[in-house]
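Below, each chain spelled out in residue letters.
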Amino acid sequence: MVASHGDAAAQKALEMRLAAALKSDVPQAAKDFLCRKLSLIGSAACVPTVAGLLTDEKLSHMARYALERIPGPEAVGAMRDALPKVKGKQKVGVINSLGVRRDKQSTAALVALLGDSDQQIAGAAAAALGAIGTPETAKALADFQDKAPDALKLVAADAYLACAEALLADGNKADALAIYKALTKSKIKHVRLAAMRGRLAAAGKK
């Protein structure tokens, strides 16, 4: 990898060799290593190979590690496509990664998962929607505040706060202020205090 630095052709050839090795019968530890290296030099070309590991219980985490870091829409698209194919911890992981990539195209699928019977999945979906931080995810999280089961009330509120922070960072002050204002009425003390501080920050006050 060091030798290929700055040489596009050499780096592309190395990427293909790493991807080919990933499809072989090398041990799990080797595949973990390969995913780490592809996270550094990977492109759309290796995405199908890496994405093929998303349903593997032992390798899904490292596949996501790589796909979160490989630039371009292909990597995030592969995780989006895998969402209905994975279950349990793998599904939670893919949801988390879509949040990391702030994938707006996953919004509808994530909103649907807010009602999942598995509370880990529902909670992960709420957190991902908060991280994506758009007016659409804000609306979904606003509705979820009242609908969330007691065990997810804190997760729902924290996701709503995160959404406000993302909106504010993107320059959408009005929607961020609306969220902060709503959360100043929260029954959860730290959420209420965070919302008050956020409201002042968004208004430009100390």
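Residues numbered from 1 in each chain as written. Predicted model: local features only at pLDDT ≥ 70, side-chain atom pairs only at ≥ 80, totals over all residues. Heavy atoms only, no water.

### Remarks on the overall build of the chain
Using the following cut-off: Only DSSP runs of H or I reaching four residues or more are called helices, and only runs of E reaching two or more are called strands; each is numbered from the N terminus. Only protein chains enter the accessibility calculation, which uses a 1.4 Å probe. A residue is then buried if its area is under 20% of the maximum for its type, exposed if over 50%, and partly exposed in between. Any pair of residues with heavy atoms lying within 4.5 Å of one another is described as a contacting pair. Shrake-Rupley sampling with a 1.4 Å probe provides the accessible areas, and residues are treated as covered by the protein chains on show and by no other component. In this count, Lys and Arg are taken as positive residues and Asp and Glu as negative ones, while His and the chain termini are left out. The atom standing in for a charge is NZ when the residue is Lys, CZ when it is Arg, CG when it is Asp and CD when it is Glu.
Helix and strand counts for the chain stand at twelve helices and zero strands. Counting helices and strands in the order they occur from the N terminus, the chain gives α-α-α-α-α-α-α-α-α-α-α-α. Oriented by its inertia axes, the alpha-carbon framework of the chain measures out at about 55 × 40 × 25 Å. Looking at the chain residue by residue over its 206 residues, the buried ones come to 45%. Residue pairs at least 24 apart in sequence account for 56% of intrachain contacts in the chain once pairs closer than 6 positions are excluded. With the model as given, the accessible surface of the chain reaches about 10900 Å², and the carbon-plus-sulfur share is 56%. Here the chain contributes 30 positive and 20 negative side-chain charges, whose respective centroids are spaced 6 Å apart.

### Quick notes on unusual backbone geometry
Of all residues except glycine, most have a negative phi; of all peptide bonds, most are trans. Not every positive phi belongs to a glycine, and Arg-102 is a case in point at roughly 50°. Here Arg-102 shows up in the loop between helix H6 (88–100) and helix H7 (107–113).

### Some details on H6
This is how it is decided: One less than the number of residues in a helix, times 1.5 Å, gives the span that helix is expected to have.
Across its 13 residues, H6 extends 19 Å between first and last C-alpha, which sits within 8% of the 18 Å expected from 1.5 Å per residue. Every buried residue belonging to H6 is among Gln-90, Lys-91, Val-92, Gly-93, Val-94, Ile-95, Ser-97, Leu-98 and Gly-99, and all of these are buried. For H6, the secondary structure elements touched by its buried residues are helix H4 (60–69), helix H5 (73–82), H7 and helix H8 (119–132). With its phi angle positive at about 50°, Arg-102 sits one or two positions after the end of H6.

### Quick word on the packing of aromatic side chains
The geometry of an aromatic ring pair is captured by the separation of the ring centres together with the interplanar angle, meaning the angle of the planes. This is how it is decided: Centre distance within 6.5 Å is the pairing criterion for rings of Phe, Tyr and Trp, where only the six-membered ring of Trp is used; planes under 30 degrees apart are then read as stacked, over 60 as edge-to-face, and the remainder as tilted. A positively charged side chain is recorded as over a ring if its NZ (Lys) or CZ (Arg) lies within 6 Å of the ring centre. The angle to the ring normal must also be within 35 degrees.
Scanning the model with the defined rule gives zero aromatic pairs in all. Cation over ring: Arg-36 sits above Tyr-65, and NZ or CZ is 5.2 Å from the ring centre.

### Some thoughts on the nonpolar core
In summary, soluble globular proteins display a tendency toward joint burial of nonpolar side chains. The criterion, for reference: Take the buried Ala, Val, Leu, Ile, Met, Phe, Trp, Tyr and Cys residues and link them wherever side-chain atoms come within 4.5 Å; each set so joined is a nonpolar core.
Formed by 63 residues in total, the largest nonpolar core has its most connected members in Val-50, Leu-67, Ile-95, Leu-110 and Ile-179. Excluding its chain neighbours within four sequence positions, the residues that come into contact with Leu-67 are Val-47, Val-50, Ala-51, Leu-54, Ala-75, Met-79 and Arg-101.

### Notes on the pattern of salt bridges
Defined as follows: For this analysis, a salt bridge means a side-chain nitrogen from Lys or Arg found within 4 Å of a carboxyl oxygen belonging to Asp or Glu.
Counted by the stated rule, this structure contains six salt bridges. The partner of Asp-170 in a salt bridge is Arg-102, with the nearest N and O atoms 2.8 Å apart. With a gap of 68 residues between them, Asp-170 in the loop between helix H10 (153–169) and helix H11 (173–183) and Arg-102 in the loop between H6 and H7 connect regions that are remote in the sequence. For Lys-139, the salt bridge is made with Asp-143, and the minimal N-O distance between the two is 3.6 Å. Within this pair, Lys-139 and its partner Asp-143 are both found in helix H9 (residues 135–147), separated by four residues, close to a single helical turn. Lys-139 gets classed as exposed once you look at its relative accessible area, which sits at 55%.

### Focus on the side chain of Thr-134
Note on placement: Thr-134 falls in the loop between H8 and H9. When residues no more than four places from it in sequence are discounted, the contact partners of Thr-134 are Lys-104, Cys-163 and Leu-167.

### Thoughts on H10
Relative to the 24 Å expected for 17 residues at 1.5 Å per residue, H10 spans 25 Å between its end C-alpha atoms, a close match to the ideal helical length. If you check which residues of H10 are buried, you get Ala-156, Ala-157, Ala-159, Tyr-160, Leu-161, Cys-163, Ala-164, Ala-166 and Leu-167. Its buried side turned inward, H10 meets H8, H9, H11 and helix H12 (189–202). A positive backbone phi angle near 90° is found at Gly-171, which sits one or two residues after H10.

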